[in-house]
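Structural description and commentary
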Amino acid sequence: MFQSHSSDESLIAWLDGETPFYRRALVRSHLAVCWKCRLRLSRIEEQILDVTRAVKEDTFPGAQRTVSARLRFLEQASFPGTPAGRARPAWGRRLGWVAACLVLIAGGLWVSRRPAAAPVPVAGQLMRQAERAEAALMQGAVQQEFRVLARQLEPREISIESRLEVWSDPGQDKFASRLSRSGGALCHALWRPSSDRSFVYNPARHDAVVRLRREEAHIRWPDLLLREGLTLEALEASLMTWLENRPWRPVTLSSGLALAAAGEDESLQVETARSAAGDQFVRLSAWKRSGAVAVGFILEVEPRTSLPRLQRIRYESTSRTLELWIIPEPVQAPRPAVYEPPPAVRAAWPPPLPLHPEPPESRIPPAPPAVVDAALAEIEIHYALHRIGACLGEAVEVVRQPGGGLEVRGVVVDAPRKQQVLAALAGTAAVVDIKSVEEAVGSLGHNTLRVSRARPASARPRKDTLAPLYDYFSRDEAALDRFAGNALSRGQDLIFEAQALRRLAGAFLSRGEPSSTRARRLLEVMMYDHLRDLQAKLEDAWQSIKPPLAAASGPGFVPAAETGYSTARTAAEEAEEIFRLSRLLNERLEALFESGDRPARDLTRDVLNAFLTLQHALSAASARALTAEAARD
Amino acid sequence: MSALFGDWYAPLLRYAWRASGSLETGEDLVQEAFAELYRALVEGKRVQDPRAWTLCVVRRRLVDLQRKQSRCGGPLQFLSEIGEVADNRGAAAPAGWEGDRLSRLLRLLSAREEEVLLLRIEGLRYRQIAAALGISANSVKTLLARGIRKMRQASAGGHQDRPRRDQDGDIVPKPLQ
């Protein structure tokens, strides 16, 4: 169903995050179906980019005028009685010009006398200064806090925020660390009460606290990351592995860079930059490459104190770009160190599916020389699309042609994405008909789309019925807006994953399993990936959405899985059920934030119950997937 | 204050230069705005956003100047220079900037649209811009969209905005709305 087109005003406000929360879902759902508006949106974005680029490249009014203006301003600030503008004494102006000229001459001399090969020793020196400055702060027992941000930039943006707390007493060889999600859920912890005992809590591996067994070999960051097919979860897992295997000392960000550079000062690069707040800082970076994978260690250092203010690890491969940000933060509330683990720590959420112990490719049997199996050919195409994330909500479909051939057709957002899809499908047997939005709109006549001009049922603010949520956010409308946007976008992400899972199961499992081993393995890898991502996203959504909803649901309410949930018997039925429950959750989220007559309390309860029901279904599916993995191994 | 001066001086001067038509006048207006901000901060006044605040001071001074000039009668000399600066100002004009990309883009906009765009580029929210300029958030939305639409049309080649000229061929300044 088509809604009326969005105006430029609405689209720009939507891009700027200025659309009221009750309109946001409408704009988004309209954009999902309307190519014309998507095209307009992309043109608006291009124009905004063009203006910002022009502003960035702008050199007006030149260094001389700016320096002279700054001098005039400082002169006025020092002598507040001096009238502004050109009415000041001529001598002041002349002196200003003389000073400006002197500054420029000094600058010119400095630039011309700077030795050409200076950066290499300077970079090494700066890094050692940063190491020394950090070490100087780490005397005695310390408590540290870091904000950890794991971000996937390509193929689509995802980010996971956590907080790392560290307590260390090197004198007594004691150490403890906690890595928790922004909602407070613990996802990794270490305790070292004495030199002969250390414990770890890692719900991805064990449900409770266990003795830590460290790796024999010395673990280096670059070794953990330099591999093809690293995912966001694997990047986070590498942080945990690094924590478990590093010396029992306070965390020093410069040591990560030191390890990456590993005595090769020539691989270090140094540059100065400015933060958004206008502060200058020094950026040190070292890059490691292996095949098509490049990993950069970037350290931002305060020039005055030489203390690191951010460590950024950037992973680039053909299919993914990931970043891990570790930002030191002042300790808000010092807490006494707890070096002994509690008797038992139960996971608040069932542990997610473990990652594949090795890249899936190595576990997949090689393709036969000539592909004759139609199901295998089709699965190969799905796998190629899966690897670039084109199976998640993108308008690309695989179609079986009457003659037995396979066609991949659809519309992608722009030309670069089209090239990416074409490159991914290059080795497959598919006939490819992929268009960018611009091409697709160009190929349509003006009257091809039948657009209904009827306005949708008017959405009105639900301030009255959303009162409990307003109260939770202290009547801060912007905070409620952000919460609603966050909840709806997470719901949509879940739907995309569930849809991809259901599509695979419907196409290949409803008629019995494929005969070829490679086809079966590829299918399992894809379904496993979707299940794992669904679990991770659901957990993440739960952590961030639950507190306000629980508060709005009233005291004493305990969410429970709904009885309507059917226990599926086969993988295909399971996928269908997961999709149904994801859609149900999404519908309830939309009902909560859009117009309706039911009070918010009932609606929030419905959402929480839908969350738990989906979680149960996922747990059952995960258990089945794990059993299947174990049986195969 | 120093960081603000470093970041905001150039955009504000460009705006003042284009609105007043004279670089010298523009420089004076911007100096006055920064000096006024400094005095306000020293006196402990609450300044919500210094960028929007200084822009409003420049705008207010421009309007005062226009009124003064119109009371004196005769053509508004400093406003007549708006637009093609190089032709009118000769050696005093900073060579090369009158035709750069940003100038070409901003020349398409009305003064109000330019103000809104400048503040949005600086990262202000619609509500903040609206409060600073004394208009509604909806007007901010409309002005921003109109400005972007004009630039988009111009880059698509559909609309070449040239400065308007009066009967004598003098350039008519943009009205301050």
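Keep in mind the model is a prediction, meaning the values are calculated, not measured.

1. Some words on the sheet that holds strand β12 (residues 395–400) of chain A
All names here are of chain A.
- Strands sit in the order β12-β13-β14 across an open sheet of 3 strands; the sheet is mixed. Of all the strands in the sheet, the pair left with one neighbour each is β12 and β14 (431–436). Taking the axes of each pair of neighbouring strands and ignoring which way they run, one obtains an average angle of 10° across the sheet.
- Sheet topology note: the β12/strand β13 (residues 406–412) ladder contains 6 bridges and is antiparallel. By the bridge assignment for β13, Ala395 is matched with Val411.

2. Quick word on the interface of chain A and chain B
- In this assembly, 31 residues from chain A lie in contact with 33 residues from chain B.
- Elements represented by at least two residues in the side of chain A that touches chain B include exactly α1 (8–15), α3 (35–57) and α4 (63–78) of chain A.
- Considering every element that reaches the side of chain A that touches chain B, the biggest residue donor is α3 of chain A, with 9 residues.

3. Some points on the confidence of the model for chain A
- Averaged over every residue, the pLDDT of chain A is 74; residues scoring 70 or more account for 75%.
- Contacts of residues 78–91 of chain A to residues separated by more than four positions or lying in other chains number 14 contacts, the stretch itself having pLDDT below 50.

4. Notes on the sheet that holds strand β4 (residues 186–194) of chain A
- With antiparallel pairing, 11 strands are arranged side by side in an open sheet as β6-β5-β4-β3-β2-β1-β11-β10-β9-β8-β7 (chain A). The sheet is open, and its two borders are formed by β6 (210–211) and β7 (268–274) of chain A, each paired with just one other strand.

5. Concerning the environment of Ala130 of chain B
- Within the fold, Ala130 of chain B resides in helix α7 (residues 126–133).
- Each C-alpha atom of the pair Ala130 of chain B and Lys141 of chain B lies 9.5 Å from the other, and the pair is 11 residues apart in sequence.

Basis of the calculations
- Residues numbered from 1 in each chain as written.
- Chains lettered and ligands numbered in written order.
- Predicted model: local features only at pLDDT ≥ 70, side-chain atom pairs only at ≥ 80, totals over all residues.
- Pairing = 2+ DSSP bridges.
- Helix = DSSP H or I, 4+ residues; strand = E, 2+ residues; numbered from the N terminus.
- Axes fitted to C-alpha atoms, helices over the stretch in contact; angles between N-to-C directions.
- Contact = placed C-beta atoms within 7 Å.
- pLDDT = per-residue confidence, 0-100.

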